[in-house]
Amino acid sequence: MILELDCGNSFIKWRVLDLPAVGAFAEGVVGSDVALIDSLSALPGLLLTRCRLVSVRALEETSKLVAALEAAFGVVVSCAAPARDMAGVRNGYEAFERLGLDRWLAMLGAFKLASGACLVLDFGTAATADFIAADGEHLGGFICPGMPLMRNQLRTHTRKIRYDDAAAEQALARLSPGRTTVEAVERGCTLMLRGFVLTQLELARSYWGDEFTVFLTGGDAELVSEAVPQARLVPDLVFVGLAMACPLS
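Residues numbered from 1 in each chain as written. Predicted model: local features only at pLDDT ≥ 70, side-chain atom pairs only at ≥ 80, totals over all residues. Heavy atoms only, no water.

A. Representation of unusual backbone geometry. In the Ramachandran plot, Ala 87 falls in the positive-phi region, its phi being about 50° despite a non-glycine side chain. Among the structural elements, Ala 87 can be located in the loop between strand 6 (85-86) and strand 7 (89-90). Even without being glycine, Ser 115 reaches a positive phi, approximately 55°. Within the fold, Ser 115 resides in the loop between helix 3 (101-114) and strand 8 (118-123). (Helix = DSSP H or I, 4+ residues; strand = E, 2+ residues; numbered from the N terminus.)

Below you can see the structure in the form of structure tokens.
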């Protein structure tokens, strides 16, 4: 069994693959290293043989997690690392090691699946866009606050904005102008994300016409999916790239 981890700024997304079976043996999202170890330890029949991960966290945080996994399950952990080029994709950052590893792996996965020019839109703590030409050249990208950051900033800096996650979910049942604060905030932030998507599509068309594939990924990708009906929704796009960056054969 192979454990795969995507260690983001806010959460750890995990899945266990029981090869050669198709699909995940188990998967989940947790908020801490301890919760991850507990979730895995509770799985009946778990027998990990290998592990690979990508992390955008500080080196010290990542090292602690690696040590905890090795101690708990006796596995050697393979960590994705920055690269100037890989699998036909050329990193477009001036300092390639500064590009977020989750973005890099999502680009690798998208280029493999598209076999051509692609626009990768990732909606997590931050919302990101990356442009990869048909020859694999990464043209660069954009980063802006995602739904959690926009929501939390308004809650933090505006005293009268107070509501829970259940109210937020209910508010997104439609996108008409809000008649309560929670509706106004949730729908307004969603429309900002959709506006971000539309500007990225416009730019991609200026590069490639209609000859490109759009990928949506990240926890909040479904919030914008109606704005890009032609897009491919691939929740595990980072894991596609992780398998390329850390082959465990």
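B. Highlighting helix 6 (residues 181-208). The end-to-end C-alpha separation of helix 6 is 41 Å, in line with the 40 Å expected for 28 residues at 1.5 Å each. Backbone geometry just downstream of helix 6 places Gly 209 in the positive-phi region, at approximately 65°. (Expected span 1.5 Å × (residues − 1).)

C. Summary view of the nonpolar core. Counting 27 residues, the largest nonpolar core has Leu 119, Leu 121, Phe 123, Phe 212, Val 214 and Leu 216 as the members making the most contacts within it. Looking at this core, the elements that each hand over two or more residues are strand 8, strand 9 (126-132), helix 4 (147-157), helix 6 and strand 11 (213-217). With eight residues, helix 6 is the single largest residue contributor to this core. When residues no more than four places from it in sequence are discounted, the contact partners of Phe 123 are Leu 193, Phe 196, Val 197, Leu 216, Thr 217, Gly 218, Gly 219, Asp 220, Ala 221 and Val 224. Formed by 24 residues, the second largest nonpolar core is a distinct cluster that contains Leu 108, Phe 215, Val 238 and Cys 246. (Core = buried A, V, L, I, M, F, W, Y, C linked by side-chain atoms within 4.5 Å. Buried < 20%, exposed > 50% of the residue type's maximum accessible area, 1.4 Å probe, protein only. Contact = heavy atoms within 4.5 Å.)

D. Representation of the pattern of salt bridges. The tally for this structure, following the rule as stated, stands at 12 salt bridges. Across the salt bridge formed by Lys 64 and Glu 60, the nearest N and O atoms sit 3.7 Å from each other. With Lys 64 and Glu 60 both in helix 2 (residues 59-73) and four residues apart, this pair spans about one turn of that helix. The same class applies to Lys 64 as to Glu 60, namely exposed. The structure contains a network of salt bridges with shared partners spanning Glu 4, Lys 13, Arg 15, Arg 52 and Asp 236. (Salt bridge = Lys/Arg side-chain N within 4 Å of Asp/Glu carboxyl O.)

E. Looking closely at the sheet that holds strand 11. The mixed open sheet is built from five strands, whose spatial order is 10-9-8-11-12. In the strand order of this sheet, the two ends are held by strand 10 (138-145) and strand 12 (232-233), each with one partner. Relative to strand 10, strand 9 runs antiparallel, the two sharing seven bridges. Paired with Ala 126 across the bridge in strand 10 is Pro 145. Of the strands in this sheet, strand 8, strand 9, strand 10 and strand 11 are in contact with helix 6, which crosses strand 9 at around 10°. (Pairing = 2+ DSSP bridges. Axes fitted to C-alpha atoms, helices over the stretch in contact; angles between N-to-C directions.)

F. Fine view of the sheet that holds strand 4 (residues 50-55). Reading across the sheet, the five strands line up as 3-2-1-4-5 and stay open at both edges, with mixed pairing between neighbours. Of all strands in the sheet, those bounded by a partner on one side alone are strand 3 (24-30) and strand 5 (77-79). Here the strands of the sheet are splayed against their neighbours by 15° on average, with no regard to which way each runs. Pairing of strand 1 (residues 2-7) with strand 4 involves six bridges; the strand directions are parallel. Opposite Ile 2, over in strand 4, you have Arg 50 as the bridge partner. Packing of helix 7 (residues 237-245) onto the sheet brings it into contact with strand 1, strand 2 (12-17) and strand 4, and relative to strand 1 it is tilted by some 120°.

G. Structural view of helix 7. Regarding helix 7, the residues found buried are Leu 237, Val 238, Phe 239, Gly 241 and Leu 242. Buried residues along helix 7 sit in contact with strand 1, strand 2, strand 4, helix 3, strand 8 and strand 11.

H. Examining the confidence of the model for the protein chain more closely. In the predicted model, the protein chain carries a mean pLDDT of 92, and the fraction of residues at 70 or more is 97%. Mean pLDDT values for the elements of the protein chain range from 77 in helix 5 (residues 165-171) up to 98 in strand 11. (pLDDT = per-residue confidence, 0-100.)

I. How the structure looks around the packing of aromatic side chains. For the structure on display, the rule yields six aromatic pairs. Measuring from ring centre to ring centre gives 5.6 Å for Tyr 207 and Trp 208, while their planes differ by 50°; the resulting arrangement is tilted. Classification of Tyr 207 by relative accessible area gives partly exposed; the value is 43%. By relative accessible area, Trp 208 is classed as buried at 16%. Through a chain of ring-to-ring contacts, the aromatic side chains of Phe 131, Phe 142, Tyr 207, Trp 208 and Phe 212 assemble into a single cluster. (Phe/Tyr/Trp six-rings, centres within 6.5 Å; stacked < 30°, edge-to-face > 60°.)

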